[in-house]
Amino acid sequence: MDAISQQQLNQFRQHAAYIEFNEAEWIIFIQHLSIKQYRKKEHFTVPGEVCKTIGFVLSGSVRYYHLIDGKDITNYFSFENDYVSSYKSFLTGEPCISYIQALEPTTILTISKKNWDAMLNNPMLAYKIERFGRLLAEYYLICYEDRVTSFITQTPEERYLKLLESGKDIIRRMPQHYIANFLGITPVSLSRIKRRILV
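These notes cover the structure that comes with them. Note that the coordinates shown come from a computational prediction; the quantities given were computed from them, not determined experimentally.

## Description of the sheet that holds strand 1 (residues 34-38)
Logical step 1: Here 4 strands make up an open sheet; going across it, the order is 1-8-3-6 and the pairing antiparallel. The outermost strands of the open sheet, each flanked by one partner alone, are strand 1 and strand 6 (83-84).
Logical step 2: Taken together, the 6 bridges between strand 3 (residues 53-59) and strand 8 (residues 106-112) define a ladder with antiparallel strand orientation. Residue pairing in the sheet places S59 in a bridge with T107 of strand 8.
Logical step 3: Helix 4 (residues 113-120) contacts strand 3 and strand 8 of the sheet and is inclined by roughly 45° relative to strand 8.

Right under this line is the structure:
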């Protein structure tokens, strides 16, 4: 198990902790953290297995995808300072239904379900971890609702323009066929949209 550097802890504390820990709480909290390096294309979760980890991306990126009738369908990405998990599986103990895969060499700070439960049972941390969990659930709900709403209310071109505004990392770092898949269109359609925008 790799050691977590002070810089990595500072990054997490600055960008990811939805709650404020005092110094005594922080010292206990970080004892429950681990770190893992993922190779390009290595999986964080696979369908049929229970997700026993919440992760925070320190560097790199991951994509969430399904395989349906042999077709690879990308439905989300996470980058630096984003959380990553099959959160339903993590909470319920039910098997995952999607893949989460590193798209490049990726470093993820992790909290295991065992350590999460231990913190919930720790009188000093219990209240804040419960709040942390609720805010994390709200984060996932907002991401999901925004994603579903975009497919109902926006055209593929509007979704791409929105991606240009808010998801420049996706545009810059992801293969075009993943971006097209994420937008719900073919690579050919994506090329047409890009040409129209550039005119």
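## Notes on the pairing of strand 7 (residues 99-102)
Logical step 1: Both faces of strand 7 are covered, namely the face carrying Y99 and Q101 and the face carrying I100 and A102.
Logical step 2: Where strand 2 (residues 43-45) and strand 7 come together, 2 bridges link them in antiparallel fashion. Within the sheet, the bridge partner assigned to T45 lies in strand 7 and is I100.

## A look at unusual backbone geometry
Logical step 1: Positive phi values are uncommon outside glycine, yet D69 reaches one of about 50°.
Logical step 2: Following the sequence through the fold, D69 ends up in the loop between strand 4 (62-68) and strand 5 (71-78).
Logical step 3: Phi at N81 takes a positive value of approximately 70°, unusual for a residue other than glycine.
Logical step 4: Turning to its location among the elements, N81 is positioned in the loop between strand 5 and strand 6.
Logical step 5: Here N81 falls in the partly exposed class, since its relative accessible area comes to 26%.

## Topic: the environment of E104
Logical step 1: On the secondary structure map, E104 appears in the loop between strand 7 and strand 8.
Logical step 2: Here the alpha-carbon distance between E104 and E42, two residues 62 residues apart in the chain, equals 8.9 Å.
Logical step 3: Beyond its immediate sequence surroundings of up to four residues, E104 is in contact with Y38, R39, K40, G60, S61 and R173.
Logical step 4: A polar contact is formed between the side chain of E104 and the side chain of R173, at a distance of 2.6 Å.

## Thoughts on the sheet that holds strand 7
Logical step 1: In spatial order, the strands read 2-7-4-5; together these 4 strands make up an open sheet with antiparallel pairing. Every other strand in the sheet has two partners, leaving strand 2 and strand 5 as the edge strands with one partner each. For this sheet, the mean inter-axis angle between neighbouring strands, taken without regard to orientation, is 30°.
Logical step 2: Relative to strand 5, strand 4 runs antiparallel, the two being bridged by 7 bridges. Bridge assignment links V62 to a residue of strand 5, and that residue is S78.
Logical step 3: Packed onto the sheet, helix 8 (residues 176-183) meets strand 4 and strand 5 and runs at close to 90° relative to strand 5.

Thresholds, definitions, all that
- Residues numbered from 1 in each chain as written.
- Predicted model: local features only at pLDDT ≥ 70, side-chain atom pairs only at ≥ 80, totals over all residues.
- Heavy atoms only, no water.
- Pairing = 2+ DSSP bridges.
- Helix = DSSP H or I, 4+ residues; strand = E, 2+ residues; numbered from the N terminus.
- Contact = heavy atoms within 4.5 Å.
- Axes fitted to C-alpha atoms, helices over the stretch in contact; angles between N-to-C directions.
- Buried < 20%, exposed > 50% of the residue type's maximum accessible area, 1.4 Å probe, protein only.
- Polar contact = N/O pair within 3.5 Å; in protein donor to acceptor, adjacent residues only side chain to side chain.

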